[in-house]
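Chain residues, written in single-letter form:
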Amino acid sequence: MIKIGSHVSMTSPNFFLGSVNEAISYNANTFMFYTGAPQNSLRVPLERLKINEAWKMMKDNNIDINNVIVHAPYLINLANLNQEKVAISYNLLVNEINRTIKMGCKYIVLHPGASMDYNRIESLNQVANLLNKAIDSNPSICILLETMAGKGSEIGKVFEEIKYIIDKIDKKDSIGVCLDTCHIHDGGYNLCCVDELIAKFDSIIGLSYLKVCHINDSKNEMGAHKDRHENIGYGKIGFDNLINFIYHPLIQDKIFILETPYIKDDKNSFPPYKFEISSILNKKFDENLYQEVISYYKK
Ligand code: FE
Ligand code: FE
Ligand code: ZN
């Protein structure tokens, strides 16, 4: 059985316990969450997050906490060479790392950042230095650098840049990669040829560093550098290519996380994950996804 889940929310009043329950409601065996709003630094104290209850619920439902993923807030930019700004990002990251570990998780996904108008190599070097420092502050963490679509000056849009950072990390057990299928497609990698793609990743970075795959279809053409996620089988990557990727024999030990968009009717929006997970497990494209999701959550 593959390890598959989705992004879930963590909101009042049940917080972490609520995240676990949400994952269970999708028939997922893992999940990913933000420890607070991704776009700001306001954080509910750990004591209020129902962590012990969440752990028990996971245990009772065969969710292995070692497969549960935290996503760092996306406002963190370790690549910004403005020293005042990067200090804020760095402190935010260290705080998130501490929360991740206290919640019992090991993996935190991080966007490598954007070099803005600065020199790209200097930005990459700074990211590596700050990661080394952050890892030293809590070596039991494993930071997963996410492959990016290459919007604006984003770094991490080619495997070589991720590799460049990893090479400079001292504690190799504390660094890894999260491959996002939408991002690499938008970045110009072709998911039609999964063997080639995985071989390329392996030769440049090494498959042992790959821990998590974000599974998303894309609204845009290959190489568009846009980063707009689409529901599984409804975008430009397509169902068969995503299935061939997920079930590739060389990545069966990885953790697969959906970050596809909610489905909207005129007033509300509903999570597609229960139905997308089932379609992935059955390897059968769900042509009625929209109607099924809306009628399931509306009743
Ligand atoms: Fe991400
Ligand atoms: Fe992602
Ligand atoms: Zn994205």
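A brief look at the structure comes next. (Residues numbered from 1 in each chain as written. Chains lettered and ligands numbered in written order. Predicted model: local features only at pLDDT ≥ 70, side-chain atom pairs only at ≥ 80, totals over all residues. Heavy atoms only, no water.)

Around the barrel, 8 strands lie side by side as E1-E2-E3-E4-E5-E6-E7-E10; this closed barrel has parallel pairing. Across the sheet, the mean angle separating the axes of adjacent strands is 30° when strand polarity is ignored. Bridge analysis of strand E6 (residues 175–180) against strand E7 (residues 210–215) gives 4 bridges, and the strand direction is parallel. Its bridge partner lying in E7, Val 177 is registered against Leu 210. Contacting E6, E7 and strand E10 (255–258), helix H8 (residues 239–246) runs over the sheet at an angle of about 165° to E7. Its contacts with the sheet put helix H9 (residues 273–282) on strand E1 (3–7) and E10, and the angle it makes with E1 is roughly 155°. (Pairing = 2+ DSSP bridges. Helix = DSSP H or I, 4+ residues; strand = E, 2+ residues; numbered from the N terminus. Axes fitted to C-alpha atoms, helices over the stretch in contact; angles between N-to-C directions. Contact = heavy atoms within 4.5 Å.)

For the rest of this paragraph, the subject is the coordination of the iron ion (ligand 1). Surrounding the iron ion (ligand 1) are the protein donor atoms His 71 (NE2), His 111 (NE2) and Glu 146 (OE), which sit 2.1 to 2.3 Å from the metal. Sequence positions of the donors to the iron ion (ligand 1) reduce to the motif H-x39-H-x34-E. Here the iron ion (ligand 1) and the iron ion (ligand 2) are spaced 3.2 Å apart, and both take Glu 146 as a donor. One end of the pair, His 71, is in strand E3 (residues 69–71); the other, Glu 146, is in strand E5 (residues 142–146), with 75 residues separating them in the sequence. Neither residue differs from the other here; His 71 and Glu 146 are each classed as buried. (Donors = N, O, S within 2.8 Å, 3.2 Å for Na, K, Ca; no water. Buried < 20%, exposed > 50% of the residue type's maximum accessible area, 1.4 Å probe, protein only.)

Further remarks concern the side chain of Thr 30. Note on placement: Thr 30 falls in strand E2 (residues 30–33). Residue Thr 30 is classed as buried on the basis of its relative accessible area of 0%. Only 2.5 Å separates the side chain of Thr 30 from the backbone oxygen of Asn 67, close enough to count as a polar contact. Setting aside anything within four residues of it in sequence, one finds Thr 30 in contact with Lys 3, Ile 4, Gly 5, Ser 6, Ala 23, Ile 63, Asn 67, Val 68, Ile 255, Phe 256 and Ile 257. (Polar contact = N/O pair within 3.5 Å; in protein donor to acceptor, adjacent residues only side chain to side chain.)

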